[in-house]
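Residues per chain are reported as follows:
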Amino acid sequence: MDCSGCNKCTEVNCSIDTKCQQLDRSLMDKWGAISFPIYQTATFAHDGFGGSTGYDYTRMQNPTRQQLESIVAYLENGKDALAFSSGMAAIATVMELFSPGDHFIVDEDLYGGSIRLFNEISKKNGLEYTAISLSTEDITPYIKPNTKAVYLETPTNPMMNVTDIEKLSQVTKEKEILLIVDNTFLSPYFQNPLDLGADVVIHSGTKFLGGHHDTIGGFVVVKDEVLDERLRFIYKTTGAGLSPFDSWLILRGIRTLAVRLDRAQENALKLANYLKRQKHVTKVIYPGLPDHPGYEIMKKQARGFGAMLTFEVDSEEFAKSILNNVQLIYFAESLGGTETLITYPITQTHADVPKEQLERNGITGRLLRLSVGLEGIADLICEFNRVFAIADKELSR
Ligand SMILES: *Cc1c(COP(=O)(O)O)cnc(C)c1O
């Protein structure tokens with residue numbers, strides 16, 4: 001592992017498992033608390049005129065949040081990370097980098113909230129964008145003189161399309177366009193887009209980083225100092241920083257990122273193979289299956305395939321019956337926690353996406369998304385056997 005830029009150790013190259021256990025020691029107080037304290041304060045005292053501890057006001061900096069930011073930057077091999085009160089706040093802040101008249105290119109399959117932001121807020125602010133399929137199309141013909149950024153997820157939410165980040169970055173670098181990657185689905189444990197040529201990495205910290213479905217947070221990670229300064233300025237001005245307590249929760253979540261993701265991924269692969277064999281399942285989309293079109297790219301650019309999978313059943317009624325009858329699995333939006341969640345993108349995460357776009361992307365009433373958790377795999381399979389049998393019976397009546 002390349003640890004260049006790391007100032008945490010001098011002799012050993014830390015694995016990411018080890019990185020998850022590190023604290024930024026320069027921030028530790030004289031008591032040496034290993035569970036980093038929650039600095040629940042709005043403001044900080046100055047030691048006379050001109051005297052400063054480096055902290056003024058929590059909207060700008062807070063030690064707990066800074067500890068978290070330092071670790072997330074470390075995990076993503078970035079220079080700086082900014083912690084936000086949600087993933088959407090992180091994305092909205094990145095969009096403040098642009099001015100009226102600027103154009104950006106986005107992948108057409110994205111988290112529904114991002115599509116809503118681009119349609120309802122960015123457009124109102126004078127930005128224009130073109131949505132294309134970045135996993136299959138070349139961006140060159142879509143680049144205009146005012147194109148400032150390319151925005152994507154890989155794998156995408158919920159269709160799990162995979163884009164070759166390094167290949168795309170060759171074009172964005174040449175054209176001096178920012179490459180922005182939402183890395184929520186894989187987390188830094190499995191993928192580091194900055195190492196592959198991305199300029200900005202975004203996370204919904206609500207998901208795998210937090211990992212327990214107990215807090216909302218978001219991150220922006222960058223390498224470039226000028227870009228970082230711009231973002232820090234917008235950050236302190238618009239004020240969507242993560243609270244000290246929520247920072248502490250995500251710090252705690254990161255401690256177990258590696259073991260959680262190893263187990264969740266193992267379950268996801270087994271469940272994908274199980275689902276493929278089921279009579280009413282018409283499609284299983286998991287990038288860890290060798291027949292997934294992005295499988296080879298994933299093997300090249302990521303260290304794993306993640307714990308998200310999408311599958312399609314043969315009727316909308318069958319999908320709804322599954323949602324009505326799950327017991328061990330929760331029917332809920334969100335992902336990345338310890339419990340397995342089943343989501344219905346068409347009415348949940350993607351409810352505000354225009355109908356034509358849903359159709360184009362294949363988001364139908366027959367599509368279900370799973371965030372695979374840490375339960376015993378036999379119990380998950382048992383749960384599916386049970387709900388499939390109920391649905392089968394209900395629909396053959
Ligand atoms: C959840 C999610 C977001 C938004 O994050 P919040 O923390 O819910 O604001 C953005 N991108 C992806 C891929 C997500 O799954």
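Residues numbered from 1 in each chain as written. Predicted model: local features only at pLDDT ≥ 70, side-chain atom pairs only at ≥ 80, totals over all residues. Heavy atoms only, no water.

### With respect to the domain arrangement of the chain
So, step 1. Each assigned domain of the chain is listed here: domain 1 (16-254) and domain 2 (259-395).
So, step 2. A straight line from the C-alpha centre of domain 1 to that of domain 2 covers 27 Å.
So, step 3. Listed per partner, the contact involves 40 residues of domain 1 and 40 residues of domain 2.
So, step 4. Counting each side, the surface lost to burial between domain 1 and domain 2 is near 3400 Å², with a carbon and sulfur contribution of 57%.
So, step 5. Three residues, F190, F208 and H213, lead the burial of domain 1 against domain 2; their summed loss comes to 23% of the area buried on that side.
So, step 6. Our enumeration of links across domain 1 and domain 2 arrives at three salt bridges.
So, step 7. Put simply, R116 and D352 hold a salt bridge, and the shortest N to O gap is 2.7 Å.
So, step 8. Scanning the region where domain 1 abuts domain 2 turns up 23 residue pairs in polar contact (both at pLDDT 80 or more).
So, step 9. Looking at the side of domain 1 that touches domain 2, the elements that each hand over two or more residues are α4 (112-122), α5 (165-174), α6 (187-190) and α8 (244-255).
So, step 10. Among the elements that line the side of domain 1 that touches domain 2, the one with the most residues is α4, at five residues.
So, step 11. Its residues assigned to classes, the side of domain 1 that touches domain 2 shows 19 nonpolar, 15 polar and six charged. (Domains from an automatic or database assignment. Contact = heavy atoms within 4.5 Å. Buried area = accessible area lost by both parts, 1.4 Å probe. Salt bridge = Lys/Arg side-chain N within 4 Å of Asp/Glu carboxyl O. Polar contact = N/O pair within 3.5 Å; in protein donor to acceptor, adjacent residues only side chain to side chain. Helix = DSSP H or I, 4+ residues; strand = E, 2+ residues; numbered from the N terminus. Nonpolar A, V, L, I, M, F, W, Y, C, P; charged D, E, K, R; others polar.)

### Thoughts on the sheet that holds strand β10 (residues 330-331)
So, step 1. Spatially, five strands are ordered β8-β9-β12-β11-β10 in an open sheet, and the strand pairing comes out mixed. The open sheet has two free edges, formed respectively by β8 (281-285) and β10, since each of these has just one partner strand.
So, step 2. Running at roughly 130 degrees to strand β9 (residues 308-313), helix α11 (residues 316-325) makes contact with β9, β10, β11 (341-343) and β12 (367-371) of the sheet. (Pairing = 2+ DSSP bridges. Axes fitted to C-alpha atoms, helices over the stretch in contact; angles between N-to-C directions.)

### Looking at the site of the ligand
So, step 1. Not every one of the 14 residues close to the ligand is listed here, only the nearest: M88, D182, S204, T206 and K207.
So, step 2. Within the backbone of G87, a nitrogen or oxygen atom sits 2.9 Å from an oxygen atom of the ligand.
So, step 3. Coverage of the ligand by the protein amounts to 92% of the 380 Å² it exposes when considered alone.
So, step 4. Ranked by the residues each element gives to the shell around the ligand, the list is headed by helix α3 (residues 87-95), at three residues.
So, step 5. For the shell around the ligand, the residue count by class is four nonpolar, seven polar and three charged. (Near = heavy atom within 4 Å. Areas by Shrake-Rupley, 256 points an atom, 1.4 Å probe, with all protein chains shown as cover.)

### As for the pattern of salt bridges
So, step 1. Per the counting criterion, the structure on display carries 13 salt bridges.
So, step 2. Between E69 and R232 there is a salt bridge, with its nearest N and O atoms 3.1 Å apart. Of this pair, E69 sits in helix α2 (residues 63-75) while R232 sits in helix α7 (residues 225-238), placing them 163 residues apart in sequence.
So, step 3. We note a salt bridge from E128 to K144, for which the minimum N-O separation is 3.1 Å. Note that E128 is positioned in strand β3 (residues 128-132) and K144 in the loop between β3 and β4 (147-153), a separation of 16 residues in sequence.
So, step 4. The exposure class of E128 is partly exposed, given its relative accessible area of 33%.
So, step 5. You can call K144 partly exposed: its relative accessible area is 34%.
So, step 6. Via salt bridges that share partners, E69, D80 and R232 belong to a single interconnected network. (Buried < 20%, exposed > 50% of the residue type's maximum accessible area, 1.4 Å probe, protein only.)

### Digging into the packing of helix α9 (residues 257-276) against helix α13 (residues 377-396)
So, step 1. Between α9 and α13, the shortest axis-to-axis distance is 10 Å and the interhelical angle comes to 30 degrees. One finds that α9 runs roughly parallel with respect to α13. Once α9 is placed against α13, the crossing between them reads as right-handed. The residues of α13 that touch α9, namely those facing N267, K270, L271, Y274 and L275, are I377, L380, I381, F384, N385 and F388.
So, step 2. A class-by-class count of the residues in the contact of α9 with α13 yields eight nonpolar, two polar and one charged. (Parallel < 35°, antiparallel > 145°, perpendicular 65-115°, else oblique. Left-handed = near helix turned anticlockwise from the far one by under 90°.)

### So, the environment of N62
So, step 1. Note on placement: N62 falls in the loop between α1 (16-19) and α2.
So, step 2. For the pair formed by N62 and G241, sequence separation is 179 residues and the distance between their alpha carbons is 9.5 Å.

### As for the nonpolar core
So, step 1. Membership of the largest hydrophobic core comes to 106 residues, with the highest contact counts inside it found for F118, L275, L309, F311, I322, F384 and F388.
So, step 2. Element by element, the count of residues in this core is highest for α9, at nine residues.
So, step 3. Split by domain, the residues of this core number at least three in each of domain 1 (16-254) and domain 2 (259-395).
So, step 4. Not counting residues up to four positions away in its chain, the partners in contact with F311 are L275, V281, K283, V284, I322, I342, R366, L367, L368, L370, F384 and F388.
So, step 5. Counting 15 residues, the second largest nonpolar core, distinct from the first, contains L134, L152, L179 and L196. (Core = buried A, V, L, I, M, F, W, Y, C linked by side-chain atoms within 4.5 Å.)

### Concerning the packing of aromatic side chains
So, step 1. Summed over all chains, the structure comprises 16 aromatic pairs.
So, step 2. With a centroid separation of 6.4 Å and an interplanar angle of 45 degrees, the aromatic rings of Y274 and F384 are classed as tilted. Pair noted here: Y274 is in helix α9 and F384 is in helix α13, with a separation of 110 residues, a long-range link. F384 matches Y274 in its accessibility class, with the two residues each being buried.
So, step 3. By way of ring pairs, the aromatic residues F98, F104, F118, Y129 and Y151 are connected into one cluster.
So, step 4. Its guanidinium or amino end placed over the ring of Y111, K207 lies 5.2 Å from that ring's centre, counting from NZ or CZ. (Phe/Tyr/Trp six-rings, centres within 6.5 Å; stacked < 30°, edge-to-face > 60°. Lys NZ or Arg CZ within 6 Å of the ring centre and 35° of its normal.)

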